[in-house]
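The primary structure of each chain is shown beneath.
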Amino acid sequence: WHFFQGLKVPVHCVALCHHKSFCEKRVMGRSDHPGGVQGDKGVKLMRTMASLAPPDPVTEGFDLVSCCYDDAMADEVSAAYAGL
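Scoring rules and cut-offs
- Residues numbered from 1 in each chain as written.
- Predicted model: local features only at pLDDT ≥ 70, side-chain atom pairs only at ≥ 80, totals over all residues.
- Heavy atoms only, no water.
- Helix = DSSP H or I, 4+ residues; strand = E, 2+ residues; numbered from the N terminus.
- Expected span 1.5 Å × (residues − 1).
- Buried < 20%, exposed > 50% of the residue type's maximum accessible area, 1.4 Å probe, protein only.
- Arc of directions from axis to C-beta.
- Contact = heavy atoms within 4.5 Å.
- Pairing = 2+ DSSP bridges.

Enquirer: Tell me what's going on with helix H3 (residues 39-52), and back it up with residues and numbers.
Expert: Across its 14 residues, H3 extends 20 Å between first and last C-alpha, which sits within 8% of the 20 Å expected from 1.5 Å per residue. Taken together, the buried positions of H3 are Gly39, Gly42, Val43 and Met46. In a view along the axis of H3, the buried residues occupy a sector of 100°, so they form one face of it. In H3, the exposed positions angled more than 90 degrees off the buried face are occupied by Asp40, Lys41, Lys44, Ser51 and Leu52. Buried residues along H3 sit in contact with helix H2 (20-28).

Enquirer: Provide a residue-level description of the environment of phenylalanine 62, including the pertinent values.
Expert: Secondary-structure assignment places phenylalanine 62 in the loop between H3 and strand S2 (64-68). For phenylalanine 62, a relative accessible area of 22% translates into the label partly exposed. Taking C-alpha positions, phenylalanine 62 is 12 Å from lysine 8, a pair spaced 54 residues apart along the chain.

Enquirer: An account of unusual backbone geometry is needed here, citing residue identities and associated values.
Expert: In this model, aspartate 32 sits at a positive phi of 60°, which is unusual for a non-glycine residue. Position of aspartate 32 among the secondary structure elements: in the loop between H2 and H3. Overall, aspartate 32 belongs to the exposed group, its relative accessible area being 72%.

Enquirer: I'd love a proper account of the pairing of strand S1 (residues 12-16), names of residues and values included.
Expert: Here S1 shows a clear split, with Cys13 and Ala15 buried on one side and none of His12, Val14 and Leu16 buried on the other. Pairing of S1 with S2, which is carried by five bridges, proceeds in the parallel orientation. The partner of valine 14 across the bridge, within S2, is serine 66.

If you want it as C-alpha cells, here you go:
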C-alpha cells in the first residue's frame, strides 16, 4: 500500500477474517486444490499460517478496512466494489 500513498488515492483493504473452525472445515472439504491445500495436510498449513497472522487486520495506512467474517459479508463487500 505504500505505492498508493504517493499517488494520493484512497486505499481500501478487504480482510477475510473467517473463524478458524470455518477455515478448517473449508480446507477439509477441498479436493484437487491447485496448491494442494486440502485435507489434514492443508489444515495443518492453515493452522500454521493462522498462528502467524495478527489477531486483527492491520489498519495503519488504509483509509477503509472492511472485515468479512463469513461468506455473506465477503459477498456483500464484493458486490459493493463491483458496483463502482
